[in-house]
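# Geometric and topological summary
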Amino acid sequence: MNDVKNRPSEFDLIERLFSPLTSSHPGAENLKDDCSTLSISSGFEALYSVDTLVEGIHFFSADPAESVAKKMLRVSLSDIAASGGSPRGYLIALSLPRDVSLEWLEGFSKGLAEDQKKFNVVLLGGDTTSTSGPLTLSLTAIGEVPIGQAVRRSKIEVGDDIYVTGTIGDSALALRLINEIGRKEASRCYPKLLERYVLPQPRVTLGPLLIGLATSCIDISDGLCADLKQICKASNVSAEIRQAAIPLSLVAENLVKNNENYWQVVLGGGDDYELLFTANQSKRKIIEKVAKQIEISISRMGSIKTGEGVFVRNESGDLVLVDVPGWKHF
């Protein structure tokens, strides 16, 4: 990222790289105004979610610009999905160090363009500024949900089932392996884990289908146990999950089989961006049908109890101590 001699001025940069990303939405006015308009569908209300990614914390300087852009967009789209919404558009704010080159920004813009098509969203506006600190990227996603039907975290009832999509722990295991054996070796030996870290898959298709099914939902960003604890706290309940029921990829399964300490990474790590939700037991068959319909694996891991906290039990029924409490920003 260190060749900046050919980087254009702020306004030229916007016109060249980011204005084209708004072409499908007249309300953005090609980024020539400070504000954009966006009409919400009749009978719907808007959802807003903002996330910030900082170089060296949420992504590596060696990560390709295209994947950094896609991760920035996808983590916010995951929040929209967790509320039962459908994504519509987004705003970005880029704080750029002097060593960010035009070539890097071109790759970044390309990544956004590709994911706009994939997820049917459009850039609505944003801001660019310089910084003496690390590259910092902020994105506000805008979605819509039927009025009064957003999936919230405070409707859980005792006895509800606990579900999760996809597999858990891949991204956190990738980070652990990078620290242990280096990125090059981790990429060579565990490419599928690295892919999960670099490029999360927001469950935007499932989100709207959870309306009327889920009694709560959250996307797993801070860690399985940490995020489950968040939704339990919102409803003043506790959770009990079966360690054997936590869905693992084949690679992760082999890792924890050979080194039980990696279970702590699975339970306490984050960055999966899978949906963790609860639902009444009467919805089991419907949820199975939905999973088949959209071809996404959905695993039932445990149930909601009285009290407070999150408890993990192994196959013998003994409690598993979770040493890693999840990601903490402060």
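A brief structural summary.

### Side note on the sheet that holds strand E3 (residues 122-130)
A sheet is described by the order of its strands in space; here four strands give the open sequence E1-E4-E2-E3, paired in mixed fashion. This sheet does not close on itself; its edge strands, each paired only once, are strand E1 (44-54) and E3. On average, adjacent strands in this sheet sit at an angle of 15° to one another, irrespective of strand direction. One ladder, built from nine bridges, connects strand E2 (residues 86-96) with strand E4 (residues 136-146); its direction is antiparallel. Bridging from a neighbouring strand, Ser 86 pairs with Glu 144 of E4. Strands E1, E2 and E4 of the sheet are contacted by helix H2 (residues 65-82), whose axis makes an angle of about 140° with E1. Across the sheet, helix H3 (residues 102-119) is in contact with E2, E3 and E4; its angle to E2 comes to roughly 170°.

### Observations concerning the pairing of E3
Sheet analysis places E2 next to E3, joined by eight bridges and oriented parallel. Bridge assignment links Leu 94 to a residue of E3, and that residue is Thr 128. A crossover links E2 with its parallel partner E3, the connecting element being H3, and its sense is right-handed.

### Some points on the pattern of salt bridges
Following the criterion strictly, the structure yields 13 salt bridges and no others. For Glu 114, the salt bridge goes to Lys 70, with nearest N and O atoms at 2.7 Å. Placement of the pair is Glu 114 in helix H3 and Lys 70 in helix H2, with a sequence separation of 44 residues. When salt bridges that share partners are traced, they join Asp 170, Arg 196, Arg 203 and Glu 274 into one network.

### Quick look at unusual backbone geometry
With a phi angle near 55°, Asn 30 is a residue other than glycine that sits in the positive phi range. Assignment of secondary structure puts Asn 30 in the loop between helix H1 (10-18) and E1. The exposure class of Asn 30 is partly exposed, given its relative accessible area of 40%.

### A short note on a negative patch on the surface
Side chains of Glu 10, Glu 29, Asp 33, Asp 34 and Asp 127 sit close together on the surface and give a patch of like negative charge. Take Asp 34: it is sitting in the loop between H1 and E1.

### Focus on helix H10 (residues 284-294)
Three or more residues of H10 are buried, namely Ile 287, Val 290, Ala 291 and Ile 294. Each buried residue of H10 sits inside an arc of 100° when the element is viewed along its axis, so together they form one side. Opposite the buried face of H10, at more than 90 degrees from it, the exposed residues are Lys 285, Glu 288, Lys 289, Lys 292 and Gln 293. Among the structural elements, strand E5 (161-165), strand E8 (275-279) and strand E9 (298-305) are those in contact with the buried residues of H10.

### Some points on the packing of H2 against H3
H3 packs onto H2 with a crossing angle of 40° between their chain directions and a minimal axis gap of 7 Å. One finds that H2 runs oblique with respect to H3. Classified by chirality, the crossing of H3 by H2 is right-handed. Counted together, Ala 65, Glu 66, Val 68, Ala 69, Lys 70, Met 72, Leu 73, Arg 74 and Leu 77 of H2 and Trp 104, Gly 107, Phe 108, Lys 110, Gly 111, Leu 112, Glu 114, Asp 115, Lys 118 and Phe 119 of H3 form the full contact between these two elements. Residue composition of the contact of H2 with H3, by class: 10 nonpolar, two polar and seven charged.

### Thoughts on the side chain of Ser 235
Within the secondary structure, Ser 235 sits in helix H7 (residues 224-235). With relative accessibility at 13%, the residue Ser 235 sits in the buried group. Filtering out sequence-adjacent residues up to four positions away, Ser 235 remains in contact with Arg 153, Ser 154, Lys 155 and Ile 156.

### Concerning the sheet that holds strand E10 (residues 309-313)
Here six strands make up an open sheet; going across it, the order is E6-E8-E5-E9-E7-E10 and the pairing mixed. For this open sheet the edge positions go to strand E6 (214-219) and E10, each flanked by a neighbour on one side alone. Across the sheet, the axes of successive neighbouring strands diverge by a mean angle of 25°, strand direction being ignored. Two elements, E5 and E8, share four bridges in a ladder whose sense is antiparallel.

About the cut-offs
- Residues numbered from 1 in each chain as written.
- Predicted model: local features only at pLDDT ≥ 70, side-chain atom pairs only at ≥ 80, totals over all residues.
- Heavy atoms only, no water.
- Pairing = 2+ DSSP bridges.
- Helix = DSSP H or I, 4+ residues; strand = E, 2+ residues; numbered from the N terminus.
- Axes fitted to C-alpha atoms, helices over the stretch in contact; angles between N-to-C directions.
- Contact = heavy atoms within 4.5 Å.
- Right-handed = clockwise from strand over helix to strand, strands pointing away.
- Salt bridge = Lys/Arg side-chain N within 4 Å of Asp/Glu carboxyl O.
- Buried < 20%, exposed > 50% of the residue type's maximum accessible area, 1.4 Å probe, protein only.
- Patch = residues over 30% accessible without salt bridge, like charges linked within 9 Å, V, L, I, M, F, W, Y side chains within 5 Å.
- Areas by Shrake-Rupley, 256 points an atom, 1.4 Å probe, with all protein chains shown as cover.
- Lys, Arg positive; Asp, Glu negative; His and termini not counted.
- Charge placed at Lys NZ, Arg CZ, Asp CG, Glu CD.
- Arc of directions from axis to C-beta.
- Parallel < 35°, antiparallel > 145°, perpendicular 65-115°, else oblique.
- Left-handed = near helix turned anticlockwise from the far one by under 90°.
- Nonpolar A, V, L, I, M, F, W, Y, C, P; charged D, E, K, R; others polar.

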